[in-house]
Amino acid sequence: NDNIIYLGNVILGTPIRHMFYLQKDIDLEDIKIQKEEVEEVCYLTYKQIEELIQKEQLRPSNKLVLERVMEYKNNL
């Protein structure tokens, strides 16, 4: 799909995480998650993400992914 952008990968031990960016309106009620794979799904503002990073309230792998997404968004 042309709307999906590959942002690279994060290697922090195993497994390697491949990162994709999709800009699309999604209703959280429509998301089906695998409970063994995903803890939580939520919307965050750019500012909320920045605060989580600054306060070091993210797992290292999640921090790397969100930093990469923010870098991509800043370069648009």
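One structure accompanies this document, and this report is about it. (Residues numbered from 1 in each chain as written. Predicted model: local features only at pLDDT ≥ 70, side-chain atom pairs only at ≥ 80, totals over all residues. Heavy atoms only, no water.)

For the coordinates displayed, the defined rule picks out two aromatic pairs. Aromatic side chains Tyr 6 and Phe 20 sit 5.1 Å apart centroid to centroid with 55° between the ring planes, which places their arrangement in the tilted category. With Tyr 6 in strand β1 (residues 4-10) and Phe 20 in strand β2 (residues 17-22), this residue pair connects regions lying 14 residues apart in the sequence. We classify Tyr 6 as partly exposed; its relative accessible area is 43%. Given a relative accessible area of 51%, Phe 20 falls into the exposed group. Aromatic pair Tyr 21 and Tyr 72: ring centres 5.0 Å apart, planes at 50°, arrangement tilted. Of the two residues, Tyr 21 is situated in strand β2 and Tyr 72 in helix α2 (residues 60-74); the sequence distance between them amounts to 51 residues. According to the relative accessible area criterion, Tyr 72 is partly exposed, its value standing at 22%. (Phe/Tyr/Trp six-rings, centres within 6.5 Å; stacked < 30°, edge-to-face > 60°. Helix = DSSP H or I, 4+ residues; strand = E, 2+ residues; numbered from the N terminus. Buried < 20%, exposed > 50% of the residue type's maximum accessible area, 1.4 Å probe, protein only.)

Moving on, we get to the nonpolar core. Of all hydrophobic cores here, the largest spans five residues; its members are Leu 7, Val 10, Met 19, Tyr 21 and Val 69. Once residues lying within four places of it in the same chain are set aside, the contact partners of Leu 7 are Met 19, Phe 20, Tyr 21, Arg 68, Val 69 and Tyr 72. (Core = buried A, V, L, I, M, F, W, Y, C linked by side-chain atoms within 4.5 Å. Contact = heavy atoms within 4.5 Å.)

Quick look at α2 now. Under the 1.5 Å per step criterion, the end-to-end length of α2 is 21 Å for 15 residues, consistent within 8% with the ideal 21 Å. Ser 61, Val 69 and Met 70 are the residues of α2 that are buried. For α2, the buried positions fall inside an angular range of 170° around the axis, keeping them on one side. Within α2, the exposed residues directed more than 90 degrees away from the buried face are Pro 60 and Asn 74. Each element contacted by the buried residues of α2 is listed here: β1, β2 and α1 (46-54). (Expected span 1.5 Å × (residues − 1). Arc of directions from axis to C-beta.)

Looking now at the packing of α1 against α2. In contact at an axis separation of 11 Å, α1 and α2 are set at 140° when each is read in the N-to-C sense. With respect to α2, the axis of α1 lies oblique. Handedness of the α1/α2 crossing: left-handed. Facing α1, whose interface residues are Tyr 46, Ile 49, Glu 50 and Ile 53, α2 presents Lys 63, Leu 66, Glu 67, Met 70 and Asn 74. Residue composition of the contact of α1 with α2, grouped by class: five nonpolar, one polar and three charged. (Axes fitted to C-alpha atoms, helices over the stretch in contact; angles between N-to-C directions. Parallel < 35°, antiparallel > 145°, perpendicular 65-115°, else oblique. Left-handed = near helix turned anticlockwise from the far one by under 90°. Nonpolar A, V, L, I, M, F, W, Y, C, P; charged D, E, K, R; others polar.)

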